[in-house]
Amino acid sequence: LGVSGALLCAPYPVLLQKHALDPKPIVTALFSANLALAIGTGLVLGGLALLLGTGGEAALVFGGYGAVMLLRWFGRAHAYGRGQQRRVAGSDIAYGVTLVGGMLAIQLLDAASLLAAYWALLASALVGLLAFGRDYLVPQFARVSLRALPAYRTVWRDYAKWSLLGVVTTEGTANAHAYIVTLVGGPSAFAPIAASALLIRPIALAMNALTDFERPQLVRLLAGTGNAAALRGAVGFFRLALLLVWAGCLAAALAVLIWQPRLLFPEQYQLDIIWTGALLWLGIALIRTLRTPDSVLLQAGGEFRTLAFASVVSCGISIGIVAVMVAQGNLVFSLLGIALGEAVFAVGIWLRARAVLERQPAP
């Protein structure tokens, strides 16, 4: 999903605006690339499931789920890009209700199995995809062409490769931290650090949801009659919404840790590590909360290269500090490496975003 977002979803509203006079060629190229990516992803995921011993039918169903989910994911970007937020909400609700229904059916029928779980996932993705209706399904399946794919090369050159680099370095930072801590301290040492991250999960969900929603709005503001005041207002409102979510998570986290820590964390996890990890994760989340609106503003302006280079620098700083902290035995404080990398990333983004705003016309 991250790769799909980088290659297709993030550049899509920018490209719609750039080719507003004649969007059909670039839209056809993106729909064609999306179908090719979905088919390739389905084959890869099905093959991996087969190699992991799930069995032929389960591998086929899981591969189908991966393919359909990617089609639904781009459908969300397509609907947002056209201002059809209700369709996105309808698809998400249809997906969630079907998945919960599938889980309940598995429980009621006492039919728990990997195959049953995969069928529930595939059904939910399919229902969520169908919820977008003919406006999305017809161009996605009936108006694609292999001859349209070469037009994607300009998308790759100008936007997608930089967006993908940013995704890879961001994911690489998180995975490198997990691997370094686990390699030195073992899975039992990493487990409480990972568990404490559960307390900021709602913040990540809110960031993803609001980023998808706000990116097309900022694209339209940058391309239309928008001015610095309007853009600052939109970015500020975005930041305020995220800060309110962060404050809610902070209050909930403190309430759990003070009064009922064992509600989420088992006895074998030391509470001092959970407390330290939770506070550090909340600090990391605060930095991300403050810089995410500016990152989305730069995405809306097509500055994926700027974001990618900032992410590469952040990744290098984070991994280096994490390695040093772990080598000194400070496993939980290795999160400071991620925090400092995020801080450097944020400063670079803020400076660039301010330059973008200063270039906008006065009201």
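Higher on the page you've got the structure.
Keep in mind that what you see is a predicted model, and the values were worked out from it rather than measured.

**Remarks on the overall build of the protein**
When helices and strands are tallied, the protein shows 14 helices and zero strands. Listing the helices and strands of the protein from first to last along the sequence gives α-α-α-α-α-α-α-α-α-α-α-α-α-α. A compact globule built from 363 residues would reach a C-alpha radius of gyration of about 21 Å, and the protein, at 22 Å, matches this within 12%. C-alpha extents for the protein along the principal axes are approximately 60 × 60 × 35 Å. Out of the 363 residues belonging to the protein, those deemed buried represent 46%. Counting only contacts in the protein whose residues sit at least 6 apart along the sequence, the fraction spanning at least 24 positions is 81%. The averaged location of the 15 negative side-chain charges in the protein is 10 Å from the averaged location of its 25 positive side-chain charges.

**What about the packing of aromatic side chains?**
Throughout the structure, instances matching the rule amount to nine aromatic pairs. Between Phe132 and Tyr136, the ring centres sit 5.6 Å apart and the planes meet at 65 degrees, which makes this aromatic pair edge-to-face. In this structure Phe132 comes out as buried when scored by relative accessible area, which is 1%. Judged by its relative accessible area of 1%, Tyr136 is buried. The rings of Tyr12, Phe31, Phe74, Phe132 and Tyr136 are connected pair by pair, giving a single aromatic cluster. Over the aromatic face of Tyr95 sits the side chain of Arg72, whose NZ or CZ is 4.6 Å from the ring centroid.

**Some thoughts on the packing of helix H11 (residues 228-259) against helix H14 (residues 335-358)**
The interhelical angle for the contact between H11 and H14, taken along N-to-C directions, is 145 degrees, at an axis separation of 9 Å. In this structure, H11 uses Ala228, Leu231, Arg232 and Arg239 to contact H14, whose residues at the interface are Trp350, Leu357 and Glu358. Considered class by class, the residues forming the contact of H11 with H14 number four nonpolar, no polar and three charged.

**Points about the side chain of Thr289**
Relative to the assigned elements, Thr289 resides in helix H12 (residues 271-300). Accessibility expressed as a relative area gives 0% for Thr289, which makes it buried. Setting aside residues no more than four positions away along its own chain, Thr289 makes contact with Ile203, Met207, Arg239, Leu242, Leu243 and Trp246.

**Here we look at helix H4 (residues 56-81)**
Think of an α-helix as 3.6 residues a turn; residues three or four steps apart then line up on the same face. The terminal C-alpha atoms of H4, which comprises 26 residues, lie 38 Å apart, in line with the 38 Å expected from a rise of 1.5 Å per residue. For H4, a buried count of 21 out of 26 residues is recorded, marking the element as mostly surrounded by other parts of the structure. Once H4 finishes, Gly83 follows within two positions and takes phi at roughly 75 degrees, a positive value.

**A closer look at the packing of helix H1 (residues 2-9) against H4**
A packed helix pair is summarised by two numbers, namely the angle formed by the two axes and the spacing between the axes. In the contact formed by H1 and H4, the axes pass within 10 Å of each other and the chain directions differ by 45 degrees. Between H1 and H4, the crossing angle belongs to the class labelled oblique. H4 is crossed by H1, and the crossing has right-handed handedness. The segment H1 lies against H4, with Ser4, Leu8 and Cys9 engaging Leu70, Trp73, Phe74 and Ala77. A class-by-class count of the residues in the contact of H1 with H4 yields six nonpolar, one polar and no charged.

**A closer look at the pattern of salt bridges**
Counted under the stated rule, the structure contains 12 salt bridges. When the shortest N-O distance is used, the salt bridge between Arg239 and Asp294 registers 2.7 Å. Taken together, the positions of Arg239 in helix H11 and Asp294 in helix H12 put the pair 55 residues apart, joining distant regions of the chain. Given a relative accessible area of 6%, Asp294 falls into the buried group. Three or more residues are tied together by salt bridges with common partners; here these are Arg72, Arg76, Asp92, Asp212 and Arg215.

Quick notes on the rules
- Residues numbered from 1 in each chain as written.
- Predicted model: local features only at pLDDT ≥ 70, side-chain atom pairs only at ≥ 80, totals over all residues.
- Heavy atoms only, no water.
- Helix = DSSP H or I, 4+ residues; strand = E, 2+ residues; numbered from the N terminus.
- Rg over C-alpha atoms; globule rule 2.2 N^0.38 Å.
- Buried < 20%, exposed > 50% of the residue type's maximum accessible area, 1.4 Å probe, protein only.
- Contact = heavy atoms within 4.5 Å.
- Lys, Arg positive; Asp, Glu negative; His and termini not counted.
- Charge placed at Lys NZ, Arg CZ, Asp CG, Glu CD.
- Phe/Tyr/Trp six-rings, centres within 6.5 Å; stacked < 30°, edge-to-face > 60°.
- Lys NZ or Arg CZ within 6 Å of the ring centre and 35° of its normal.
- Axes fitted to C-alpha atoms, helices over the stretch in contact; angles between N-to-C directions.
- Nonpolar A, V, L, I, M, F, W, Y, C, P; charged D, E, K, R; others polar.
- Expected span 1.5 Å × (residues − 1).
- Parallel < 35°, antiparallel > 145°, perpendicular 65-115°, else oblique.
- Left-handed = near helix turned anticlockwise from the far one by under 90°.
- Salt bridge = Lys/Arg side-chain N within 4 Å of Asp/Glu carboxyl O.

These results come straight from atomic positions and should not be treated as a statement about function.
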